[in-house]
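Letter by letter, the chains look like this.
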Amino acid sequence: MATAEGSRIKKYGAVYLALLVITALQFFIGYQNIEGSSLAVRMLTFAVIDTILVVLFLMNLGFEKRLFVKFIVLFMLFVLATMNYIWTDSFRLLLFRLTGFSPS
Amino acid sequence: MSEAHLTMGAHTAGPMEAPPFAMLSKKLAMWLFIMADVMTFAACVAAYAFLRNATPDWPRPFHSVTNVAIMTLVMIASSATMLVAFSAAKTGDKAGAFRWMMITAAAGALFTLLHIRDWMGMMSQGVSMLQNPWGTAAFGAAFYSITGFSLLHISVGTVALFVVAIRYQGGRYNADDIEIVNLFWQFVGLVWLFIVPVVYLMNLAR
């Protein structure tokens, strides 16, 4: 039984190690003098890699039917993409606050 | 026997419809729940990002994230132990599955305690939903909302892990139920991996 458990732990060790390394990199980048959008892009890139690893291997989506994978991925990407409509209004508010204008 | 009974009996004896995507209904239900939860979390993160981007004096209060690093380590470790539990359940190793699920649940409880400790640290610095000592009042509301929603999921998940483990040990649940709780646990772990950079690492004090 101990051998079977050992092999199971080894099987997912690589994914676990990758998650640890990516998270450590995120903490390392957080302490660097990187600001604004370049910091956000780096952090989110690593978070997306984390997501792919977790969803494919830890949630076993990679072993499901291809149609189901398409359903999940396309639906999620559509929702996440449409949420980006917030940015134009966010920058508009920032501009108003920085320049002293108030929205009429 | 009435005609209605005969008709119903004939109906239920007919062929069952194949499950959608050739998976168990409860597993599909969990995936649909996760999809809905992704949208809720995405809305929270989008609202947080909106506020942070639109506010020039957004506070950067985190001088040290040691506690958050430990929490993250615990969460990643618990994802691995949960996976080992599921793997053990699939191979019929009931004792191993129970043991690893209890370890995962203990990690979830530890994470919850560390999270509460993190919140108490923020509260002791004067951060509430309505005010904070550093800048815009929206920071406290955004911080507690997004981390609180995650904490709620993790604490509920911890209770679910204990319950499923005990019922699995007692023979009421099987490996399918462990797979479903594994899906939820991996999802809450993944959400935490998004919250750490967005809420903590991008707001480190300079």
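Glancing now at the overall build of chain B. Counting its secondary structure elements, chain B contains six helices and zero strands. Going residue by residue from the N terminus, the α and β elements of chain B occur as α-α-α-α-α-α. Taking 17 Å as the expected radius of gyration for a compact globule of 206 residues, we find that chain B reaches 22 Å, considerably beyond that expectation. Projecting the C-alpha coordinates of chain B onto the three principal axes gives extents of approximately 75 × 40 × 25 Å. A total of 206 residues make up chain B; the buried ones form 37% of that total. Contacts in chain B between residues far apart in sequence, at least 24 positions, make up 76% of those at least 6 positions apart.

Here we take up the environment of Phe33 of chain B. Along the chain, Phe33 of chain B falls in helix α2 (residues 25-54). Distance in space between the C-alpha atoms of Phe33 of chain B and Phe184 of chain B is 9.1 Å, their sequence separation being 151 residues.

Turning our eyes to something else, we now look at the environment of Ile166 of chain B. Here Ile166 of chain B is to be found in helix α5 (residues 138-169). By C-beta crowding, Ile166 of chain B is classed as partly exposed, having 15 other C-beta atoms within 10 Å.

Rules used in this analysis
- Residues numbered from 1 in each chain as written.
- Chains lettered and ligands numbered in written order.
- Predicted model: local features only at pLDDT ≥ 70, side-chain atom pairs only at ≥ 80, totals over all residues.
- Helix = DSSP H or I, 4+ residues; strand = E, 2+ residues; numbered from the N terminus.
- Rg over C-alpha atoms; globule rule 2.2 N^0.38 Å.
- Buried ≥ 20, exposed ≤ 12 C-beta atoms within 10 Å, placed from the backbone.
- Contact = placed C-beta atoms within 7 Å.

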